[in-house]
Amino acid sequence: MTTLSSAGTGRIRRRAALAAGVGNFMEWFDFAVYGFFAPTMGKVFFPDSSATVGLLSSLAVFGVAFFFRPVGGFVLGSLGDRRGRRFTLSLSVLMMGVTTTLIAALPSYHAVGVLAPVLLVVLRCLQGFSAGGEWTGSAAFLLEITPSSRRGVFGSVISATAALATVAGSFVALLVQSLVSAEDMLSWGWRIPFLIAAPLALIGLYVRLKLDETPVFEELKALGKVSATPLRSAGKRNLKPVLLTLAIAAVQGLGFYYLATYVVNYLSQTVHLSRTNSLVLSAIGLTVYMALCPLAGAISDRYGRRRVNLAGSIGYVVLGLPAFVLMGQGGVAPVLLGMLLLVVPQSLVSVTTVVMLVELFPAATRSSGSATGFNIALAFIAGPGPFVASAIASATGSSVWPASYMVLVALVATVFLAKFLPETAGRDIGAEAPAARVEAH
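A few points on the structure. (Residues numbered from 1 in each chain as written. Predicted model: local features only at pLDDT ≥ 70, side-chain atom pairs only at ≥ 80, totals over all residues. Heavy atoms only, no water.)

**A look at the overall build of the protein**
Note the cut-off: A run of DSSP states H or I qualifies as a helix once it reaches four residues; a run of E qualifies as a strand once it reaches two. Both are numbered from the N-terminal end. For this measure, only C-alpha atoms enter the radius of gyration; the expected value for a globule follows 2.2 Å times N^0.38, where N is the number of residues. For the exposure calls, accessible area comes from a 1.4 Å probe over protein chains only, and a residue counts as buried if that area is under 20% of its type's maximum, exposed if over 50%, partly exposed in between. The contact definition used throughout considers only heavy atoms, calling two residues in contact when any of these lie within 4.5 Å.
Counting its secondary structure elements, the protein contains 21 helices and zero strands. For 441 residues, the compact-globule formula gives about 22 Å, and the C-alpha radius of gyration of the protein, at 21 Å, lands near that figure. Dimensions of the protein, computed from C-alpha atoms along their principal axes, come out at roughly 60 × 45 × 35 Å. Within the span of the protein, comprising 441 residues, buried residues form 61% of the whole. For the protein, the proportion of contacts with a sequence separation of at least 24, taken over those separated by at least 6, is 85%.

Written out as structure tokens, the structure reads:
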């Protein structure tokens, strides 16, 4: 049988990294575009509200999609364990492309009334469903053909492409806003970024369909170990890994959505920078984060996942409020320094989370178990983050207190993880590996 250490040549691993990266880029480009155009979407779909209420309503719709991520995680994660990793990834990228393209075709509130925001919510829910299997599915697919000594470096592809997609989304937003008048923006300009989803979906689907199934899943089939009820098995046998995944994903997801979605609106709505400057500064911060991801992966390969992940979580507890103090000053240098205080811990928690989604679970229930914990965290903790932060800023009038939600989540997670998170680096993740024990550290 194929062993994990010889599972893929360099060429195969590079193709897998490309496939995971392309699909992951598309998912987060679509979500980033919505976040960047939240103020405009608020005016298009909630025109009778004030600017603040319209923004909050638009961000609430952004958060609604996350409540469907667990449903998508349950369904797509189970399919990943029963039908294979490649099948799930192909399905998720196709669904994401179709739903995002349909958002571009939605009528405005002025055209059809309340039906417009209803249709928007429905499509956002379908986006959330399809995204429920993307991140965890990409992690399983990519790392199941990667040598244990390089999982951190290869796992960083998933984190880095999410940042790259957000940066690309910001520049598309900047380009559209610079070329389209304010009146045309409300009429048709906001649709342009969503239309880009169609070719991206076709590219992602093509690349993923050209790949072979992972050797780990092929070995599961050869050994007759493919679970018929992976969700039930994960719930009974992998409860501790699911809870650990929930904790690490809460910090990772919330931190990323602060950086990818909230910060640009925070800089323009709360700090009162111009929209252009907000987009450019946000993009610079995310580019630095993207560059740090491979370094964070290499560090975790050398020093282990546990200590690197905890260092990032503690970093958010210690640096969260100072970061917002700096960004609240509004100058270029303070904003960039404040973002630096956020992107360093985010790179540490993000890459290690990607890898531990795979290393914490046995092969037969890997997709189901990791998708369950990950998407529950994103639905109930990380996804509502931009809305919660905006509501705090609106209620307090403070440019600092929006950080409190992020700091509180990181603090609670750190206490839990410091006690229970095991070291997972170097674990055998193959089909014949025994289920790893998750013990208090």
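Now that the structure has been shown, we can carry on.
**Section: the side chain of Thr424**
Note that Thr424 resides in the segment after α21 (403-420). Classification of Thr424 by relative accessible area gives buried; the value is 0%. In contact with Thr424, other than residues within four places in its own chain, are Arg305, Met356, Glu359 and Leu360.

**Notes on empty space enclosed by the protein**
Selection rule: Think of a 1 Å grid over just the protein atoms. A cavity is a set of points where a 1.4 Å probe fits yet cannot get out, a pocket is an open set with protein on both sides within 12 Å along at least five of seven lines, and lining residues have an atom within 4 Å of a point. Grid points are joined across faces, edges and corners, and a volume is the space filled by probe spheres set on the points. Gly is placed with the polar residues, together with every amino acid not listed as nonpolar (Ala, Val, Leu, Ile, Met, Phe, Trp, Tyr, Cys and Pro) or charged (Asp, Glu, Lys and Arg).
In the structure shown here, the tally under the stated rule is one cavity of 30 Å³ or more. What lines the largest cavity is simply Leu76, Gly77, Gly80, Arg85, Thr88, Leu89, Gly133, Thr136, Gly137 and Ser367. If you list the elements that add at least two residues to the lining of the largest cavity, you get α4 (69-82), α5 (85-104) and α8 (134-143). Of the residues contributing to the lining of the largest cavity, the split by class is two nonpolar, seven polar and one charged.

**Side note on the packing of aromatic side chains**
Filter applied, for reference: Each pair of aromatic rings taken from Phe, Tyr and Trp, with Trp reduced to its six-membered ring, is defined by centres within 6.5 Å and is described as stacked if the planes are under 30 degrees apart, edge-to-face if over 60, and tilted in the remaining cases. Comment: the charge-over-ring label is applied if NZ (Lys) or CZ (Arg) is within 6 Å of the ring centre and within 35 degrees of the ring normal.
One pass over the full model with this rule turns up 13 aromatic pairs. By way of ring pairs, the aromatic residues Tyr258, Tyr262, Tyr266 and Phe324 are connected into one cluster. Above the plane of the ring of Phe87 lies Arg83, whose end atom (NZ or CZ) is 4.1 Å from the centre.

**Remarks on the packing of helix α15 (residues 239-269) against helix α16 (residues 275-303)**
Here is the rule: For helices, the fitted axis covers only the stretch in contact; all axes are lines through C-alpha atoms, and the angles between them, taken along N-to-C directions, range from 0 to 180 degrees. Any angle from 65 to 115 degrees is called roughly perpendicular, while one under 35 is roughly parallel, one over 145 is roughly antiparallel, and all others are oblique. Helix crossings get a hand from a simple test, with the near helix turned counterclockwise from the far one by less than a right angle marking a left-handed crossing and a clockwise turn marking a right-handed one.
Between α15 and α16, whose axes approach to 8 Å, the crossing angle comes to 155°. Here α15 is positioned roughly antiparallel relative to α16, judged by the angle of their axes. Two packed elements cross with a definite hand, and for α15 against α16 that hand is right-handed. Here α15 contributes Phe256, Leu259, Ala260, Val264, Asn265, Leu267 and Ser268 to the contact with α16, which in turn contributes Arg275, Ser278, Leu279, Leu281, Ser282, Leu286 and Tyr289. Here the contact of α15 with α16 is composed, by residue class, of nine nonpolar, four polar and one charged.

**Points about the packing of α16 against helix α18 (residues 332-359)**
In contact at an axis separation of 8 Å, α16 and α18 are set at 35° when each is read in the N-to-C sense. As for how α16 packs across α18, the hand of that crossing is right-handed. Each residue belonging to the contact of α16 with α18 can be placed in one class, and the counts come to 16 nonpolar, eight polar and no charged.

**Remarks on unusual backbone geometry**
Not every positive phi belongs to a glycine, and His272 is a case in point at roughly 70°. By the element assignment, His272 lies in the loop between α15 and α16.

**Here's the deal with the pattern of salt bridges**
For the record, the criterion: In the sections that follow, a salt bridge refers to a side-chain nitrogen of Lys or Arg positioned within 4 Å of a carboxyl oxygen of Asp or Glu.
Under the counting rule described, the total for this entry stands at eight salt bridges. The partner of Glu144 in a salt bridge is Arg85, and the shortest N-O contact between them spans 2.8 Å. Of the two residues, Glu144 sits in the loop between α8 and α9 (151-179) while Arg85 sits in helix α5, which places them 59 residues apart along the sequence. The exposure classification of Glu144 matches that of Arg85, with both residues buried. Between Arg208 and Glu134 there is a salt bridge, with the nearest N and O atoms lying 2.6 Å from each other. One end of the pair, Arg208, is in helix α12 (residues 197-209); the other, Glu134, is in helix α8, with 74 residues separating them in the sequence. Ionic contacts of the salt-bridge type, sharing partners, join the residues Asp81, Arg85, Glu144 and Arg366 into one network.

**Looking at the nonpolar core**
Condition: Think of a nonpolar core as a cluster: buried Ala, Val, Leu, Ile, Met, Phe, Trp, Tyr and Cys residues, connected wherever their side-chain atoms sit within 4.5 Å.
With 121 residues, the main nonpolar core has Phe37, Met41, Phe45, Trp190 and Phe324 as its most contacted residues. Top contributing element to this core by residue count: α15, with 18 residues. Setting aside chain neighbours within four positions, we find Phe45 in contact with Leu106, Pro107, Tyr109, Ala116, Pro117, Leu120 and Trp190. Membership of the second largest hydrophobic core comes to five residues, among which are Val216, Phe217, Leu220 and Ala431.

**Describing the side chain of Thr100**
In this structure, Thr100 sits in helix α5. Judged by its relative accessible area of 1%, Thr100 falls in the buried class. Residues in contact with Thr100, not counting those within four places in the same chain, are Asp30, Gln127, Phe194 and Ala197.

**Things to note about the environment of Arg151**
What counts is decided by this rule: Under this definition, polar contacts are N or O atom pairs within 3.5 Å; protein pairs additionally need one hydrogen-donor-capable and one acceptor-capable atom, and for neighbouring residues in sequence, both atoms have to be side-chain atoms.
With respect to the helices and strands, Arg151 occurs in helix α9. Residue classification places Arg151 among the buried residues on the basis of a relative accessible area of 1%. On a C-alpha basis, the gap between Arg151 and Gly426 in space is 9.0 Å, while along the polypeptide they are 275 residues apart. Engagement of the side chain of Arg151 in a polar contact is seen with the side chain of Glu359, the distance being 2.9 Å.

**Focus on helix α13 (residues 215-223)**
Residues three or four positions apart in an α-helix share a direction because the helix packs 3.6 residues into each turn. The set of residues buried in α13 consists of Pro215, Val216, Phe217, Glu219 and Leu220. Packed against the buried residues of α13 are α4, α5 and α19 (366-382).

**Some thoughts on the environment of Phe154**
Locating Phe154 in the fold gives a position in helix α9. When its relative accessible area of 11% is taken as the criterion, Phe154 is described as buried. It is 29 Å that separates the C-alpha atoms of Phe154 and Phe194, two residues lying 40 residues apart in sequence. Those residues in contact with Phe154 that sit more than four places away from it in its chain are Arg13, Leu142, Leu143 and Thr146.

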